[in-house]
Amino acid sequence: MSSAEQTEDTEWKQGIAASVQEGDWSTDSDVVLEESRRLFDAEVDRRKGSDAKAGIYLAAITALIPVLVSLLPTLWSDKSSKWLGCISLMLFGLAVAFLLRAGAWAFRTLKVAGFTQLGPGELANTWKEGSPKAGLAKQLASAVLHNYSLVNEKVTGIKMTHEYLLRAFLTFTILLVLQVIWPVGVWVVEERTTLDTPTPA
């Protein structure tokens, strides 16, 4: 996010926070409290879902990297074409780099912290007010507003993890297809050369 976008986002959050604090939520406080709780729970679910996915992806990538590295010697052989070996090594390195980037984004997703929760102290102070339900609704809405950008950061991290995992998958697919097609192509070229070579009279 650029500095201009950050400034705009901060101003937007400050405006919403001011509206929440200055608004009169005592009218239909039950409805407002229910909606605020629903929004708060939705953000908690988004955060938990992102953390769960990031943990699964990070564990899978961590387990997969050593297995892939163990296959490295098979990509370069004295019996195979040097061109095939070079191209295979480049594709393999690119795919591993994508996997490492995916792991970095998953780890970054798990590191996002600083979420606002409501504790007994906030509840006790809220119930000292004239309209405790409206006060609790405002507390929940303020927490949602604070957590919103943090949860979005986690969701962005998961999307980037998906993106790099997809790139790694496509690169490995190209590598496997190349390993299959190359020998066939070499055989076809050799056969074609043999057929085109004139036989001595």
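Residues numbered from 1 in each chain as written. Predicted model: local features only at pLDDT ≥ 70, side-chain atom pairs only at ≥ 80, totals over all residues. Heavy atoms only, no water.

1. Considering the packing of aromatic side chains
Counted only if it meets this: Paired rings are identified among Phe, Tyr and Trp, the last through its six-membered ring, by centres lying within 6.5 Å, and are further divided according to the angle between planes into stacked (under 30 degrees), edge-to-face (over 60) and tilted (the rest). Under the scheme used here, helices are H or I runs from DSSP no shorter than 4 residues and strands are E runs no shorter than 2 residues, and both carry numbers assigned from the N terminus. For each residue, the accessible area found with a 1.4 Å probe, counting protein chains only, is set against the maximum for its type, and the residue is called buried under 20%, exposed over 50%, and partly exposed in between.
Taken as a whole, this structure holds two aromatic pairs when the rule is applied. Between the aromatic rings of Phe92 and Phe172, the centroid separation amounts to 6.2 Å while the plane-to-plane angle is 75°, which identifies the pairing as edge-to-face. Placement of Phe92 in helix H3 (residues 82-111) and of Phe172 in helix H5 (residues 132-196) is noted, with a sequence separation of 80 residues between them. When sorted by exposure, Phe92 lands in the same class as Phe172, which is buried. Relative to Tyr164, the ring of Phe98 lies with its centre 6.2 Å away and its plane at 45°, an arrangement referred to as tilted. Separated by 66 residues along the polypeptide, Phe98 in helix H3 and Tyr164 in helix H5 bring together distant segments of the chain. Comparing Phe98 with Tyr164 shows no difference in burial state: the two are buried.

2. A closer look at the packing of helix H2 (residues 29-70) against H3
Keep this limit in mind: The angle between two axes is taken between their N-to-C directions and runs from 0 to 180 degrees, where each axis is a line fitted to C-alpha atoms and a helix contributes only its stretch in contact. Comment on the angle field: the value is read as roughly parallel under 35 degrees, roughly antiparallel over 145, roughly perpendicular from 65 to 115, and oblique elsewhere. Less than a right angle of anticlockwise turn of the near helix away from the far helix marks a crossing as left-handed, whereas a clockwise turn marks it as right-handed. It only takes one pair of heavy atoms within 4.5 Å for two residues to be counted as in contact. Each residue receives one of three labels: charged for Asp, Glu, Lys and Arg, nonpolar for Ala, Val, Leu, Ile, Met, Phe, Trp, Tyr, Cys and Pro, and polar for the others, Gly being one of them.
Interaxial distance between H2 and H3 falls to 9 Å at its minimum, and their mutual angle equals 150°. Between H2 and H3, the angle is such that the two are roughly antiparallel. Note on packing geometry: the crossing formed by H2 with H3 is left-handed. Residues Ser50, Asp51, Ala54, Gly55, Tyr57, Leu58, Ile61, Leu64, Ile65, Leu68 and Val69 of H2 touch H3, and the partners they reach there are Phe92, Val96, Leu99, Leu100, Ala102, Gly103, Ala106, Phe107, Thr109 and Leu110. Split by residue class, the contact of H2 with H3 holds 16 nonpolar, four polar and one charged.

3. Brief notes about the nonpolar core
Rules: Only buried residues count toward a nonpolar core, which is a set of Ala, Val, Leu, Ile, Met, Phe, Trp, Tyr and Cys residues joined through side-chain atoms within 4.5 Å.
Of all hydrophobic cores here, the largest spans 18 residues; its most connected members are Phe92, Leu99 and Phe172. Looking at this core, the element that brings in the most residues is H3, giving nine residues. Setting aside its immediate chain neighbours within four residues, Phe172 contacts Leu68, Phe92, Ala95 and Leu99. Of all hydrophobic cores here, the second largest spans 12 residues; its members include Val20, Val44, Leu136 and Leu140.

Read these as geometric descriptors, not functional statements.
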